[in-house]
Amino acid sequence: MGEGAPRVKRRSLLVAAGGLAVAGVGVPVALAASADPPPPPPAPVGGRRPVSMAMHIHASFSEGIASYAAHLDQARRNDVDVIWWTDHDFRVAAHDHRRVVHFDGAEELEGGLAWTWRASTEGRLTASGADFVDSPHGADDPPRALRLAATGDGILWYAGQAWNWTHTGNISDTTLHLDVLPETAGPDAALLVEIALSHHPAGAGRPAGQLVLRYRIGAGRPAGHATDGLLGTVDLPAPPGQWRRHTLVLVEDVRRLWPELVAGDNSLRGLRLGVRVDGSARGSFVVDRLAFDRARRAGQAGEDLRAEVLRAYDDAFPGVTHHRAYEVSMVRHLNWFGGDQTLPAFPSPPYRDNDVARTERMIDFLHAHGGVVSWNHPLDVEGRESLARLMVQRRNLGADLVEIGRAPLDDHLWALDVAARNAVFFTAVGVTDDHDGTDWRAGTERHITYVWASSTDRDELVRALRAGQAWFTDLARYRGALDIEVDGRRAMGAVAVTDAPQVTVRLLATDLPAGATLEAVVGTADRAGVGDLTPATRTTRIAARQLRQDRYDLTVFPGVGAYVRTQVRGKDGTLLGVSNPAWFLPGSQRPDVPPARRF
């Protein structure tokens, strides 16, 4: 279904010198249903169809546990056509990410950003301790080091974390260096360096889950690699009493342990050190100078690296198209779709700045580099009234799209209706915002976005988004198509400048779930401004039995200006899908209509 979806014949809408005009008898002011049943639909033309998209997805270049493979597997399982990879821009570049840990204390700063340690144990230890000591310490890293010691049968863990997860990031170019002095070691005592990697779908006899890469440093074991399902172990011999710098090339070890995977599709999600002892043994190790060597992140190199990792999946998941995008994160968060993928400049330290003017300047920068820009989770720093005020006063900050399909949905839709009343044109999109890749359907944010498009080509999808030819649905509960037509032409997202007293609007809604209802939301578009920041809407409920060939005709009375959008409400009252509006504005308003939205 697409441009080629069944469409109405030219019946009542006439184009006159004064704009759109509709022949017909008098009907109550506001809107009314056409008494005539829809005619048989014509044959499909144009080739456009509903294309489903997950538009806010984070994988192994972000801070969560997801791999690209995990999300691609979810898209395939859930019949989603397109994934936009919206990794955080500063994380792709590893900007101001942790470079070194000196083990000078339980908390230490680098560039004003903290690294902290947290101790835990497992098993049955009779004694354990983690102490920062003046001596011994590594030759290249005075003044202090960390001694980890344990006795018994279990593990003493010391987990580290940088501020805002700035130790995490893709491992493709990342090498770790750690200085280690085994004081008491042997076959039953070893130092562990454990890296929590990314979640991957099942394969090659391995269950689905998060991979763990574990380095086992000590005496009594030859060098080697061994895999047990999701756990991969690398043994590194280290004679007692000698400092040795161990170089851990993460991607090479992952490649040896799990050769069936795209090794570079992993994040350094978690890092912890531990002393493991077995059978009442004692182990003691001193560690110093943990260095993170990221070789390919300066300037635009991080994006080039991400593109290289993603190319490995070009043909791996037939039926799922994926495109690189960004979540621009140092301002109010923005998703950037299309364009040349130029990384913006980042502040140091990488603190987010919610200043409105700064966000507007960033949107200008992104527009200068092509594509469309989405204002993400807009209620994270605003209430719905202050959000609506910004949308009206600052024309949506210049953003082309807004994440409306997310919780709390009623508040986001309220802001959408206030903006629509004021002829603020943007495309409402749905949100997944998934960082895990484990189960899209189980997520609280599971609205996918559909567009009417002739292909899954990136530029074609961007054009549809810019034009507002989009709707969003609950991934798990509704997957039908929504559209608005006037005179057999697609009008969803469009602005018709007309002085006609009434317009017949044809609403499309396919595959309604049992007991669901189509709702037509018709609003006044009188440009009330900030003096009346409220929606001015009326909702008409349309039962499934009232649809003829998935269509329903409404008569809309533009008056001082009007818009119409649709939504699908489930039997339990939950909103399952929402279309973008179509506007009908009088010429006297002299609306400034973006070219892509001109009807």
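Residues numbered from 1 in each chain as written. Predicted model: local features only at pLDDT ≥ 70, side-chain atom pairs only at ≥ 80, totals over all residues. Heavy atoms only, no water.

Caption draft 1: Here's a closer look at the environment of Gly283. As for its placement among the helices and strands, Gly283 is situated in strand E16 (residues 270–294). Contacts of Gly283, omitting those with residues within four sequence positions, involve Leu148, Ala149, Ala150, Thr184, Ala189, Val275 and Val277. (Helix = DSSP H or I, 4+ residues; strand = E, 2+ residues; numbered from the N terminus. Contact = heavy atoms within 4.5 Å.)

Caption draft 2: How the structure looks around the pattern of salt bridges. Going through the model one piece at a time under the given rule, you end up with 40 salt bridges. With a shortest N-O distance of 3.9 Å, Glu110 and Arg98 are connected by a salt bridge. One end of the pair, Glu110, is in strand E7 (residues 107–110); the other, Arg98, is in the loop between helix H2 (89–92) and strand E6 (100–101), and twelve residues separate them in sequence. Assessed through its relative accessible area of 3%, Arg98 is described here as buried. Where Asp411 meets Arg384, a salt bridge forms, and the shortest distance between an N and an O atom there is 3.4 Å. Within this pair, whereas Asp411 is found in helix H7 (residues 409–421), its partner Arg384 is found in helix H6 (residues 384–393), the two being separated by 27 residues in sequence. Taking relative accessible area as the criterion, Asp411 reaches 27% and is therefore assigned partly exposed. Because the salt bridges share partners, they merge into one network encompassing Asp87, Glu303, Arg306 and Arg324. (Salt bridge = Lys/Arg side-chain N within 4 Å of Asp/Glu carboxyl O. Buried < 20%, exposed > 50% of the residue type's maximum accessible area, 1.4 Å probe, protein only.)

Caption draft 3: Local environment of the pairing of strand E10 (residues 174–184). The element E10 is extensively covered by neighbouring structure, given that nine of its eleven residues are classed as buried. In terms of strand pairing, E10 meets E16 through nine bridges, oriented antiparallel. Following the sheet pairing, His177 is matched in E16 by Ala291. Inspection of the sheet shows E10 paired to strand E15 (residues 244–249) by six bridges, in the antiparallel sense. Bridge pairing in E15 links Thr175 to Val249. (Pairing = 2+ DSSP bridges.)

Caption draft 4: How the structure looks around the nonpolar core. Formed by 94 residues in total, the largest nonpolar core has its most connected members in Val505, Leu507 and Phe584. Counting residues per element, this core draws most heavily on H7, which supplies seven residues. Setting aside anything within four residues of it in sequence, one finds Val505 in contact with Ile484, Glu485, Val486, Tyr552, Asp553, Leu554, Val556, Val564 and Phe584. Counting 45 residues, the second-largest nonpolar core is a separate cluster that includes Phe132, Val193, Leu197 and Ala263. (Core = buried A, V, L, I, M, F, W, Y, C linked by side-chain atoms within 4.5 Å.)

Caption draft 5: Spotlight on unusual backbone geometry. Omega for the bond connecting Pro142 with Pro143 falls within 30 degrees of zero, at 10°, which places this linkage in the cis form. The amide bond that connects Ala407 to the next residue, Pro408, takes the cis arrangement and shows omega of -10°. With respect to the helices, strands and loops of the structure, Pro408 is situated in the loop between strand E20 (401–405) and H7. Positive phi, normally seen in glycine, also occurs at Ala423, with a value near 55°. Taking the relative accessible area as the measure of exposure, Ala423 reaches 0% and is therefore buried.

Caption draft 6: View of the packing of H6 against H7. It is the contact of H6 with H7, at a shortest axis distance of 9 Å, that shows an interaxial angle of 30°. The angle between H6 and H7 falls in the class roughly parallel. Considering how the two elements wind past one another, H6 and H7 form a crossing that is right-handed. Here Arg384, Glu385, Leu387, Ala388, Met391 and Val392 of H6 come into contact with H7, specifically with Asp411, Trp414, Ala415, Val418 and Ala419. Split by residue class, the contact of H6 with H7 holds eight nonpolar, no polar and three charged. (Axes fitted to C-alpha atoms, helices over the stretch in contact; angles between N-to-C directions. Parallel < 35°, antiparallel > 145°, perpendicular 65-115°, else oblique. Left-handed = near helix turned anticlockwise from the far one by under 90°. Nonpolar A, V, L, I, M, F, W, Y, C, P; charged D, E, K, R; others polar.)

Caption draft 7: Structural context of helix H8 (residues 458–467). Along H8, the positions that sit buried rather than exposed are Glu460, Leu461, Val462, Ala464, Leu465 and Ala467. Sitting at the head of H8, Asp457 places a side-chain oxygen 3.1 Å from the backbone nitrogen of Asp459. Positive phi shows up at Gly468, right after H8, with a value of about 80°. (Polar contact = N/O pair within 3.5 Å; in protein donor to acceptor, adjacent residues only side chain to side chain.)

Caption draft 8: View of the pairing of strand E28 (residues 517–524). For E28, the tally of buried residues reaches seven of eight residues, placing the bulk of the element in the interior. Pairing geometry for E28 and strand E29 (residues 537–543), over seven bridges, is antiparallel. The residue bridging Val522 from the neighbouring strand is Arg538, located in E29. Here E28 pairs with strand E31 (residues 562–569) via eight bridges, running antiparallel. Considered in E31, the bridge of Ala520 is made with Thr566.

Caption draft 9: Spatial organisation of the side chain of Arg294. Locating Arg294 in the fold gives a position in strand E16. Here Arg294 occupies a buried position and makes no salt bridge, while the nearest side chain of opposite charge, Asp173, is found at 6.0 Å. At 2.6 Å, the side chain of Arg294 forms a polar contact with the backbone oxygen of Arg98. (Lys, Arg positive; Asp, Glu negative; His and termini not counted.)

The values reported here are purely geometric and, on their own, carry no functional implication.
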